[in-house]
Amino acid sequence: MKCAIVPPYVLARIAEAHPRLPVAADAARRALSELEPLNRARREAGGSAGPRGGTAVAATLRRRVSDAGGREELPGVPVRGEGHPPTGDPAVDEAYDGLGAFYSFLEAAYGRSSLDGAGFGLDATVHYGREYDNAFWEGSRVVFGDGDGEVFNRFTVSLTVIAHELGHGLVQFASPLDYQDQAGALNESLCDVFGVLAEQYVRRQAADDAAWLVGAGLFTPEVSGTALRSLKAPGTAYDDDVLGRDPQPATMAGYVQTSSDHGGVHINSGIPNHAFYLAAARLGGFAWERAGQIWYDALTEQQLPRDCTFPAFAAATVAAAEKRYGVGAVETSAVQAAWEAVNVMV
Ligand SMILES: [Zn+2]
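Residues numbered from 1 in each chain as written. Predicted model: local features only at pLDDT ≥ 70, side-chain atom pairs only at ≥ 80, totals over all residues. Heavy atoms only, no water.

For the rest of this paragraph, the subject is the nonpolar core. Within the largest apolar cluster, 106 residues are counted, with the highest numbers of intra-cluster contacts made by Phe 105, Phe 152, Phe 194, Trp 212 and Trp 295. Not counting residues up to four positions away in its chain, the partners in contact with Phe 105 are Tyr 110, Phe 194, Leu 197, Ala 198, Tyr 201 and Trp 288. (Core = buried A, V, L, I, M, F, W, Y, C linked by side-chain atoms within 4.5 Å. Buried < 20%, exposed > 50% of the residue type's maximum accessible area, 1.4 Å probe, protein only. Contact = heavy atoms within 4.5 Å.)

Further remarks concern the packing of aromatic side chains. One pass over the structure, following the stated rule, counts 22 aromatic pairs. Where Tyr 110 meets Phe 194, the ring centres are 6.1 Å apart and the plane angle is 85°; that geometry is what we call edge-to-face. Residue Tyr 110 is found in helix H3 (residues 90-110), and its partner Phe 194 is found in helix H5 (residues 181-203); the two are separated by 84 residues along the sequence. Side by side, Tyr 110 and Phe 194 carry an identical accessibility label, which is buried. Taking 5.7 Å as the distance between ring centres and 10° as the angle between the ring planes, the aromatic pair formed by Trp 295 and Trp 339 counts as stacked. (Phe/Tyr/Trp six-rings, centres within 6.5 Å; stacked < 30°, edge-to-face > 60°. Helix = DSSP H or I, 4+ residues; strand = E, 2+ residues; numbered from the N terminus.)

It is worth spelling out the pattern of salt bridges at this point. When charged atoms on two side chains of opposite charge get close, those side chains can pair. One pass over the full model with this rule turns up 14 salt bridges. For Glu 94, the salt bridge is made with Arg 154, and the minimal N-O distance between the two is 2.6 Å. In this pair, Glu 94 sits in helix H3 while Arg 154 sits in the loop between strand S6 (142-144) and helix H4 (159-174), placing the two residues 60 residues apart along the sequence. Taking the relative accessible area as the measure of exposure, Glu 94 reaches 22% and is therefore partly exposed. Taking the relative accessible area as the measure of exposure, Arg 154 reaches 30% and is therefore partly exposed. Salt-bridge contacts for Arg 203 lead to Glu 199; the nearest nitrogen and oxygen are separated by 3.4 Å. Pair noted here: Arg 203 and Glu 199 are both in helix H5, with a separation of 4 residues, about one helical turn. (Salt bridge = Lys/Arg side-chain N within 4 Å of Asp/Glu carboxyl O.)

The pairing of strand S2 (residues 63-67) with strand S4 (residues 122-126) spans 5 bridges and is parallel. Each bridged residue has a counterpart across the sheet, and for Arg 64 the counterpart in S4 is Asp 123. (Pairing = 2+ DSSP bridges.)

Along helix H8 (residues 291-301), 10 of the 11 residues are buried, which leaves the element largely enclosed by surrounding structure. Burial in H8 covers these residues: Ala 291, Gly 292, Gln 293, Ile 294, Trp 295, Tyr 296, Asp 297, Ala 298, Leu 299 and Thr 300. Next to the buried residues of H8 lie H3, H4, H5, helix H7 (270-283), helix H9 (310-325) and helix H10 (330-341). Where H8 ends, the next residue or the one after it, Gln 303, has phi of about 50°, a positive value.

For the zinc ion, the protein coordination sphere consists of His 164 (NE2), His 168 (NE2) and Glu 188 (OE), at 2.0 to 2.2 Å. If you list the donors of the zinc ion from N- to C-terminus, the spacing comes out as H-x3-H-x19-E. One end of the pair, His 164, is in helix H4; the other, Glu 188, is in helix H5, with 24 residues separating them in the sequence. Residues His 164 and Glu 188 agree in their burial class; the two are buried. (Donors = N, O, S within 2.8 Å, 3.2 Å for Na, K, Ca; no water.)

An order of S1-S5-S6-S4-S2-S3 is seen for the 6 strands of this open sheet, with the pairing classed as mixed. Each edge of the sheet is formed by a strand with only one pairing partner; in this case those strands are strand S1 (3-4) and strand S3 (77-81). The pairing of S2 with S3 spans 4 bridges and is classified as antiparallel. Residue pairing across strands places Arg 64 opposite Gly 81, the latter belonging to S3.

Turning to the side chain of Asp 192, a few remarks are in order. Looking at the element boundaries, Asp 192 is found in helix H5. Looking at Asp 192, its side chain comes within polar contact range of the side chain of Asn 273, at 3.0 Å. For Asp 192, the contacting residues outside a window of four places in its chain are His 164, Val 214, Arg 229, Leu 231 and Asn 273. (Polar contact = N/O pair within 3.5 Å; in protein donor to acceptor, adjacent residues only side chain to side chain.)

Owing to its 3.6 residues per turn, the α-helix aligns residues three or four sequence positions apart on the same side. Taking 1.5 Å per residue, 21 residues should reach 30 Å; H3 reaches 29 Å between its end C-alpha atoms and fits that length. Its side-chain oxygen 3.0 Å from the backbone nitrogen of Ala 91, Asp 89 forms the N-cap of H3. (Expected span 1.5 Å × (residues − 1).)

Under the local residue numbering, the UniProt record ascribes the feature "active site" (unreviewed entry) to Glu 165 and His 266. Spatially, the listed residues are clustered: although they cover 102 residues, their C-alpha atoms lie within 13.3 Å of one another. Within the secondary structure, Glu 165 is located in helix H4. Not counting chain neighbours up to four residues away, the residues in contact with Glu 165 comprise Cys 3, Ala 4, Ile 5, Ala 135, Phe 136, Trp 137 and Val 142. Excluding residues within four positions of it along the chain, His 266 makes contact with Ala 4, Ile 5, Pro 7, Tyr 9, Tyr 179, Glu 188, Arg 229, Gln 248 and Asp 261. Engagement of the side chain of His 266 in a polar contact is seen with the side chain of Glu 188, the distance being 3.4 Å. (UniProt positions renumbered as here; feature names shortened; annotations may be inferred.)

Laid out in structure tokens, this is it:
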């Protein structure tokens with residue numbers, strides 16, 4: 001399994017940017033050519049595996065960051081283990097801190113011990129490839145490229161990117177969601193949701209104060225854009241002459257029917273992303289507490305089918321809200337109103 005943060009439609013735009021951005025165009029072309037065969041490998045692997053839900057196990061944080069040294073080989077050479085001091089290499093130390101932040105977030109917010117609920121060791125590889133334009137989860141570790149320097153900075157620069165990729169581990173262990181069509185867009189959305197919540201948790205930001213951006217800081221100053229995606233306002237994260245305009249819809253009115261990118265998993269994720277934002281904004285306070293708890297319960301306790309649709313997931317969040325807070329509770333009403341606002345009928 002390999003879930004990359006930068007979708008193929010973004011890489012395709014950069015790949016056409018010769019001769020203006022020669023390094024970025026070449027880097028994007030290489031990153032793009034990688035996605036298809038790896039996606040096939042993902043399908044052939046038959047989806048996710050692992051225990052469902054969380055179990056009460058004594059928390060143990062075990063981090064290990066490895067350095068691929070510019071090669072596209074995993075895992076690379078271990079350079080920082082749990083409890084070791086900073087190395088001075090920003091990619092190594094950002095990855096180490098990001099792993100710790102996501103672990104602390106899961107434990108504090110949801111009482112979950114790591115990705116699998118049983119203390120799963122957190123592994124990262126940095127300096128993967130040369131000018132590598134992506135970050136990804138490959139089934140048991142997160143992997144970060146250094147970026148091309150013209151469009152993308154190093155991918156560890158954003159905690160939401162690190163947390164999004166670890167989110168793929170959480171989703172893999174907690175649900176059977178396919179990485180295809182609406183189930184795939186829900187998979188992507190859940191990673192964005194827990195990615196931004198991890199950052200909000202670290203920053204102690206309330207819903208009203210948060211940026212709700214995935215990948216802020218990832219673009220170089222050459223790019224007209226603030227991030228890869230926005231949960232608050234899908235479709236507004238960037239508008240750039242090379243990248244084009246952020247294509248994410250916020251409601252079902254803009255739903256994109258496509259066979260590329262696993263059926264538009266990085267595009268249509270804007271719709272459940274925005275539903276989560278609306279529920280969190282309506283409830284106010286810390287978004288990981290009530291809105292986040294409901295989404296977490298839906299993911300871990302509602303027995304989602306592998307081909308889960310948006311309406312089925314919406315129904316799961318309402319059921320989770322009713323179970324935890326009650327029928328007719330403000331939390332349940334906020335979740336129902338959020339899905340209605342994006343035209344997903346429960
Ligand atoms: Zn992803």
